[in-house]
Amino acid sequence: MQGRPRRSVLYMPGSNERALEKAKTLPADALILDLEDAVAPDEKIRARQQVCAVVKGGGYGAREVVIRVNALETPWGTEDILAACDAEPDAILVPKVVHAGDIVSVAKILQGVHAPDKIRLWAMMETPMAILNARTIAAAAVYAENRLCCLVMGTNDLIKESRARALHDRFAVVPWLAMTLLAARAYRLDIIDGVYNDFRDDKGLRDECERGRTLGMDGKTLIHPSQVGPCNEIFSPTQEEVDWSRKVIDAFGHPENERKGVIVVEGRMVERLHFVMAQRTVTIAEQIREMEGACV
């Protein structure tokens with residue numbers, strides 16, 4: 001599970017042409033061009049046309065481009081998916097997922113129109129039923145034709161639906177995050193934390209990013225460009241982590257250690273699982289360096 005950097009995942013309203021253009025200059029790892037919550041009903045068709053046009057036009061560099069479509073049961077859902085397939089983003093974000101069938105249904109549409117293999121599916125986990133069904137939703141990734149590679153936490157909707165209090169320590173939210181994270185990891189999926197609403201509160205954002213990273217999140221969804229920098233910083237491997245990972249990789253590469261399950265590195269017991277973790281850390285760090293170099 002080498003993956004790719006998904007530290008900062010910025011929502012951009014699909015109806016805002018200037019925002020879609022500005023996104024090409026932002027150092028976010030991924031962009032969610034939104035046709036759903038951020039777009040009023042009478043703007044849906046125009047936003048779809050606009051988003052698909054800019055995706056076709058390119059210019060987003062190494063950033064991962066994701067289109068969030070409307071749900072299939074809405075008047076816009078099917079046409080959103082068909083148009084997205086034609087535009088060829090990196091992924092389509094499926095909203096309001098409540099069971100694995102929601103992913104399978106979208107995947108079948110992609111199969112039916114012979115959508116390019118590169119288009120992956122992301123799943124919004126934003127309802128109580130989604131959390132209860134997290135394991136079976138994540139398990140859809142077992143079948144390659146379902147294209148599922150990432151879960152995205154919709155914490156605002158979860159708080160609304162559960163009637164929980166939105167406290168800064170996220171006391172009510174953490175169990176939902178942990179449940180979904182375990183499901184994601186069980187099926188080798190990435191998982192992205194929910195948004196932090198007060199984009200003027202840098203300290204609060206940093207604290208929430210730190211907690212999310214400690215929990216195991218790959219990154220965080222964001223609502224404002226000012227949140228990208230702190231998010232990238234906190235979800236990046238530290239230099240100390242990269243240096244240690246390289247030492248672990250080098251140690252397992254010695255001929256006398258190639259067949260060993262456990263070795264000692266600088267006085268610390270290191271298992272083969274740490275070798276796998278070290279490989280991913282170094283891979284992500286190298287990809288981050290390449291992306292940042294391209295944005296200079």
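Parameters at a glance
- Residues numbered from 1 in each chain as written.
- Predicted model: local features only at pLDDT ≥ 70, side-chain atom pairs only at ≥ 80, totals over all residues.
- Heavy atoms only, no water.
- Helix = DSSP H or I, 4+ residues; strand = E, 2+ residues; numbered from the N terminus.
- Rg over C-alpha atoms; globule rule 2.2 N^0.38 Å.
- Buried < 20%, exposed > 50% of the residue type's maximum accessible area, 1.4 Å probe, protein only.
- Contact = heavy atoms within 4.5 Å.
- Areas by Shrake-Rupley, 256 points an atom, 1.4 Å probe, with all protein chains shown as cover.
- Lys, Arg positive; Asp, Glu negative; His and termini not counted.
- Charge placed at Lys NZ, Arg CZ, Asp CG, Glu CD.
- Axes fitted to C-alpha atoms, helices over the stretch in contact; angles between N-to-C directions.
- Parallel < 35°, antiparallel > 145°, perpendicular 65-115°, else oblique.
- Left-handed = near helix turned anticlockwise from the far one by under 90°.
- Nonpolar A, V, L, I, M, F, W, Y, C, P; charged D, E, K, R; others polar.
- Patch = residues over 30% accessible without salt bridge, like charges linked within 9 Å, V, L, I, M, F, W, Y side chains within 5 Å.
- Salt bridge = Lys/Arg side-chain N within 4 Å of Asp/Glu carboxyl O.
- 1 Å grid on protein atoms, 1.4 Å probe; cavity = no way out; pocket = protein on both sides within 12 Å on 5 of 7 lines; lining within 4 Å.
- Points joined across faces, edges and corners; volume = space filled by probe spheres on them.
- Pairing = 2+ DSSP bridges.
- Disulfide = S-S within 2.5 Å.

### What about the overall build of the chain?
Stage number 1. In terms of helices and strands, the chain carries 12 helices and 10 strands.
Stage number 2. In terms of C-alpha radius of gyration, the chain reaches 20 Å, essentially the compact-globule figure of 19 Å for 296 residues.
Stage number 3. If one aligns the C-alpha atoms of the chain with their principal axes, the spans along those axes are about 65 × 45 × 40 Å.
Stage number 4. Counting only residues that meet the buried cut, the chain has 48% of its 296 residues in that class.
Stage number 5. Across the chain, contacts joining residues at least 24 apart in sequence account for 72% of those joining residues at least 6 apart.
Stage number 6. Of the roughly 14300 Å² that the chain leaves accessible, carbon and sulfur atoms contribute 54%.
Stage number 7. Here the chain contributes 38 positive and 43 negative side-chain charges, whose respective centroids are spaced 1 Å apart.

### Quick notes on unusual backbone geometry
Stage number 1. A positive phi angle, near 50°, is found at Lys96, a position not held by glycine.
Stage number 2. With respect to the secondary-structure elements, Lys96 resides in the loop between β4 (91–94) and α4 (100–112).
Stage number 3. In this structure, Glu266 takes a positive phi of about 50° despite not being glycine.
Stage number 4. Mapped onto the elements of the fold, Glu266 is located in the loop between β9 (262–265) and β10 (268–271).
Stage number 5. Relative accessible area serves as the criterion here: at 56%, Glu266 is assigned to the exposed category.

### Some thoughts on the packing of helix α3 (residues 77–87) against α4
Stage number 1. Relative orientation of the contacting elements α3 and α4 amounts to 50°, with a least axis distance of 10 Å. It follows that α3 is oblique to α4 by the angle criterion. Where α3 crosses over α4, the handedness of that crossing is right-handed. Of the residues in α4, those in contact with Ile81, Leu82 and Cys85 of α3 are Val106, Ile109 and Leu110.
Stage number 2. Looking at the contact of α3 with α4 residue by residue, the class counts come to six nonpolar, no polar and no charged.

### Focus: the environment of Gly267
Stage number 1. Along the chain, Gly267 falls in the loop between β9 and β10.
Stage number 2. When its relative accessible area of 69% is taken as the criterion, Gly267 is described as exposed.
Stage number 3. Taking the C-alpha atoms as reference points, Gly267 and Arg289, separated by 22 residues in sequence, lie 30 Å from one another.

### Considering a nonpolar patch on the surface
Stage number 1. On the surface, Val262, Val264 and Met269 cluster together to form a nonpolar patch covering roughly 300 Å² of accessible area.
Stage number 2. Within the secondary structure, Val264 sits in strand β9.

### Focus: the layout of surface pockets
Stage number 1. Roughly 830 Å³ of internal volume is contained in the largest pocket.
Stage number 2. Lining the largest pocket are 29 residues; nearest its centre among them are Arg213, Met277, Ala278, Arg280 and Thr281.
Stage number 3. Within the residue set of the lining of the largest pocket, elements represented by two or more residues are α11 (239–253), β10 and α12 (272–295).
Stage number 4. If one sorts the elements of the lining of the largest pocket by residue count, α12 sits on top with eight residues.
Stage number 5. Residue classes in the lining of the largest pocket are distributed as 14 nonpolar, five polar and 10 charged.

### Comments concerning the sheet that holds strand β1 (residues 8–13)
The pairing of strands in a sheet happens through backbone hydrogen bonds and is either parallel or antiparallel.
Stage number 1. Strands sit in the order β1-β2-β3-β4-β5-β6-β7-β8 around a closed barrel of eight strands; the barrel is parallel. Strand-to-strand twist across the sheet, computed as the mean angle between neighbouring axes with direction ignored, equals 25°.
Stage number 2. As judged from the five bridges shared by strand β2 (residues 30–34) and strand β3 (residues 64–68), these two strands associate in the parallel manner. Bridging across to β3, Leu31 finds its partner in Val65.

### Digging into the state of the cysteines
What makes a disulfide is a covalent bond joining the sulfur atoms belonging to two cysteines.
Stage number 1. All told, the structure shown has zero disulfides when counted by the stated rule.
Stage number 2. Of all cysteine sulfurs in the structure, the one in Cys150 sits closest to Cys149, which takes part in no disulfide; the separation is 5.7 Å.
Stage number 3. Residue Cys149 is classed as buried on the basis of its relative accessible area, which comes to 15%.
Stage number 4. Using a relative accessible area of 0% as the deciding quantity, one classes Cys150 as buried.

### Points about the pairing of strand β6 (residues 148–153)
Stage number 1. Where burial is concerned, most of β6 is hidden: six out of the six residues are buried.
Stage number 2. When strand β5 (residues 120–125) meets β6, the two strands line up parallel, connected through five bridges. Paired with Met124 across the two strands is Val152, which belongs to β6.
Stage number 3. Two strands pair when backbone bridges link them, and β6 and strand β7 (residues 190–193) are joined in this way by three bridges, in the parallel orientation. Bridge pairing links Cys150 to Asp190 in β7.

Purely geometric stuff here, so don't read any function into it on its own.
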